[in-house]
Amino acid sequence: MNRMKEAQGRLESDQQSGEVGKQDLMQQRTELAQQLDIARSNSQTLQRELDSLTQQSAQDAAHAKALEAKVNDLARVLGDRETAISQQEQLLSHDRDIRELMGARDLYIAEVYDVGDNGATKKPYGRVFYTKGKSLIFYAYDLDQETTKRASTFQAWGRRGPDRQQALNLGIFYEDNASKKRWVLKLDDPKRLAQIDAVFVTVEPNGRSDKPSGKSLLFAYLRVDPNHP
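Residues numbered from 1 in each chain as written. Predicted model: local features only at pLDDT ≥ 70, side-chain atom pairs only at ≥ 80, totals over all residues. Heavy atoms only, no water.

## Thoughts on the overall build of the protein
Convention followed: Secondary structure elements follow DSSP: runs of H or I of four or more residues count as helices, runs of E of two or more count as strands, with numbering from the N terminus. Note on classification: 1.4 Å probe, protein chains only; a residue is buried when its accessible area is under 20% of the maximum for its type, exposed when over 50%, partly exposed between these limits. Contacts: residue pairs with any heavy atoms within 4.5 Å of one another. Here the Shrake-Rupley method, with its probe set to 1.4 Å, supplies the accessible areas, and only the displayed protein chains count as covering residues.
Within the protein, the secondary structure is distributed over 2 helices and 9 strands. Helices and strands in the protein line up, N terminus first, as α-β-β-β-β-β-β-β-α-β-β. Scored against the burial criterion, the 229 residues of the protein give a buried share of 28%. The long-range share in the protein, meaning contacts at least 24 apart out of those at least 6 apart in sequence, stands at 58%. Counting every atom, the protein has about 16,200 Å² of accessible surface; 51% of that belongs to carbon and sulfur.

See below:
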C-alpha cells in the first residue's frame, strides 16, 4: 500500500509538471503568433512603401524623359535660330560689300567665263569686283562641276607677267552659298593687288599649293580702266 501511494504521488507530481509545461508551450505559441502577426504587418507596410517608391521612380523616369525631349526641342530650335542668324549675317555682310563696292571709285566689274576648245563659253563662270588699289572680290559659280568634282581646292592666283609659275597666291575659294553653287574669294591687300595684272583660278587636287599646278578655270585681266564711277 505504501509503495502504491508513493507511485500515485509521483504520478500526480508528474501530471502537475506536465500541466505547467503545457501552459508554457501555450504561452510560447501565443507569443510566436503575436510576433508572426507583427512580422506580417511590417511586411505589408514595406511592400506598400516599395510599391510607392516604384511608382515614384516610374514617374521620375517619365518626367526625366519629358525634360530630355524638351531640351532636345529647345536645342533644335536654338540651332535653327543660330543658322538663321548666321545666314542673315552673311547676307548683311554681302549687302555691305555690295553697297561699299557700288559707292567706290575706280571700280571695275567684269563677268568672267570659262571658254571651251570650240570657243564657246561654258561653266564655271564668275564675277569680279575690283577696286583699283584697294580690294578684289571674286564670285565664282559651278566650280564643282562634273569635270572637276574630285578637286579638293579651288585656288586663286595673281598673274605677274607671262610666266604662270611666278603667279602670286591669293588664297582659296570657300563655298559661300551651296544652293546657288556660289564660291567667293576676298582680298583686301593693296600691296599684293599692286603686283598683279590679272587673276585666274586653278584646280589644286592636293589642297593649297605654293605654285599653280592644276587646270585653269577662269581668267580676268585687271589692267583695265574702271567701268563704274
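## So, the pattern of salt bridges
Worth spelling out the cut-off: By definition, a salt bridge exists where a carboxyl oxygen of Asp or Glu is found within 4 Å of a side-chain nitrogen of Lys or Arg.
Using the criterion set out here, one finds 2 salt bridges in the structure. Note that Arg-159 is salt-bridged to Asp-197, the shortest N-O span being 3.0 Å. Of the two residues, Arg-159 is situated in strand β4 (residues 153–159) and Asp-197 in the loop between α2 (190–194) and β8 (198–204); the sequence distance between them amounts to 38 residues. The exposure class of Arg-159 is partly exposed, given its relative accessible area of 23%. Under the relative-accessibility criterion, Asp-197 is labelled buried at 16%.

## Considering the pairing of strand β3 (residues 135–141)
Heads up, the condition is: For two strands to count as paired, DSSP must find a minimum of two bridges between them.
With 7 of its 7 residues buried, β3 lies for the most part within the structure. Where burial is concerned, the two faces of β3 agree: the one with Ser-135, Ile-137, Tyr-139 and Tyr-141 and the one with Leu-136, Phe-138 and Ala-140 are both buried. Both β3 and strand β7 (residues 182–187) contribute to a ladder of 6 bridges, which runs antiparallel. If you follow Leu-136 over to β7, its bridge partner there is Leu-187.

## Thoughts on a nonpolar patch on the surface
Which entries qualify depends on this criterion: Exposure above 30% relative accessible area and no salt bridge define the residues that can form patches, which grow by joining like charges within 9 Å and nonpolar side chains of Val, Leu, Ile, Met, Phe, Trp and Tyr within 5 Å.
Residues Phe-219, Tyr-221 and Val-224 make up a contiguous nonpolar surface patch of roughly 250 Å² in combined accessible area. Looking at where Tyr-221 falls in the secondary structure, it is placed in strand β9 (residues 216–221). Classification of Tyr-221 as partly exposed rests on a relative accessible area of 37%.

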